[in-house]
Amino acid sequence: MGKTILTSRARANGGREGRVVSDDNVIDLELEMPGTKGKEDVKTSNPEQLFASGYSACFDGAFKLMARQAKKRVESHTTAEVHLHEDDSDGGVKISAKLLVEVTGVTQEEAEELLEKAHGFCPYSKATRGNIDVELSVKAVETLS
């Protein structure tokens, strides 16, 4: 393993119905199972939202880096959907992800090439490769919404 560049820490207490706090207190979130009765008005999160947030930010950064390296000026945003599925093999659950990148400044073909390069470079993509299903989609648009 190479030299450590960054270490981030967060502590969870109470699992899916507890709290997660980063070591610098920037993240301090109450966690709740989605759809919990009586908690609809309470601002809570869940591990899947946190994973989607991290993956989308990381992948968008990787996409922009690949564009810069290709000498392309782009604007992009990445949406990550993280899904829980029933796992028939053990009666539990498993996770999958879908990434949608919308980008201006390149053709659809160039966007698809950048998407593949970003997927090869992104640390989240490397961590999930071979472990979960990840669906990729890119759309070259005239203007970002």
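Quick caveat, the model's predicted, so the values are computed rather than measured.

### What to know about unusual backbone geometry
Right, so step 1: Non-glycine residue Asn25 carries a positive phi angle of around 65°.
Right, so step 2: By the secondary structure assignment, Asn25 is in the loop between strand S2 (19-22) and strand S3 (28-30).
Right, so step 3: The exposure class of Asn25 is exposed, given its relative accessible area of 54%.
Right, so step 4: Located in the positive-phi region is Lys71, a residue other than glycine, with phi close to 60°.
Right, so step 5: Looking at where Lys71 falls in the secondary structure, it is placed in the loop between helix H1 (47-69) and strand S4 (75-87).
Right, so step 6: A relative accessible area of 76% places Lys71 in the exposed class.

### Some thoughts on the sheet that holds S2
Right, so step 1: Here we have three strands laid out as an open sheet, ordered S1-S2-S3, and antiparallel in their pairing. For this open sheet the edge positions go to strand S1 (10-13) and S3, each flanked by a neighbour on one side alone. Neighbour-to-neighbour, the strand axes of this sheet turn through a mean angle of 10°, independent of strand direction.

### Remarks on the side chain of Ser125
Right, so step 1: Among the secondary structure elements, Ser125 is positioned in helix H3 (residues 123-128).
Right, so step 2: Residue classification places Ser125 among the buried positions, given a relative accessible area of 0%.
Right, so step 3: A polar contact is formed between the side chain of Ser125 and the side chain of His119, at a distance of 2.8 Å.

Cut-offs used in this document
- Note on numbering: residues in each chain are counted from 1, in written sequence order.
- Totals for whole chains, interfaces and linings use every residue, but because this is a predicted model, local features are given only for residues with pLDDT of at least 70 and side-chain atom pairs only at 80 or more, for both listing and counting.
- Hydrogens and water are ignored here; the side-chain numbers use all heavy atoms of the structure.
- The helix and strand labels rest on DSSP assignments: H or I over at least four residues marks a helix, E over at least two residues marks a strand, and numbering proceeds from the N terminus.
- Here the term buried applies to any residue with accessible area under 20% of the maximum for its type, exposed to any over 50%, and partly exposed to those in between, with areas from a 1.4 Å probe on protein chains only.
- If DSSP finds at least two bridges between two strands, the strands pair.
- Helix axes are fitted only over the stretch in contact, all axes being lines through C-alpha atoms; the angle between N-to-C directions runs from 0 to 180 degrees.
- Under this definition, polar contacts are N or O atom pairs within 3.5 Å; protein pairs additionally need one hydrogen-donor-capable and one acceptor-capable atom, and for neighbouring residues in sequence, both atoms have to be side-chain atoms.

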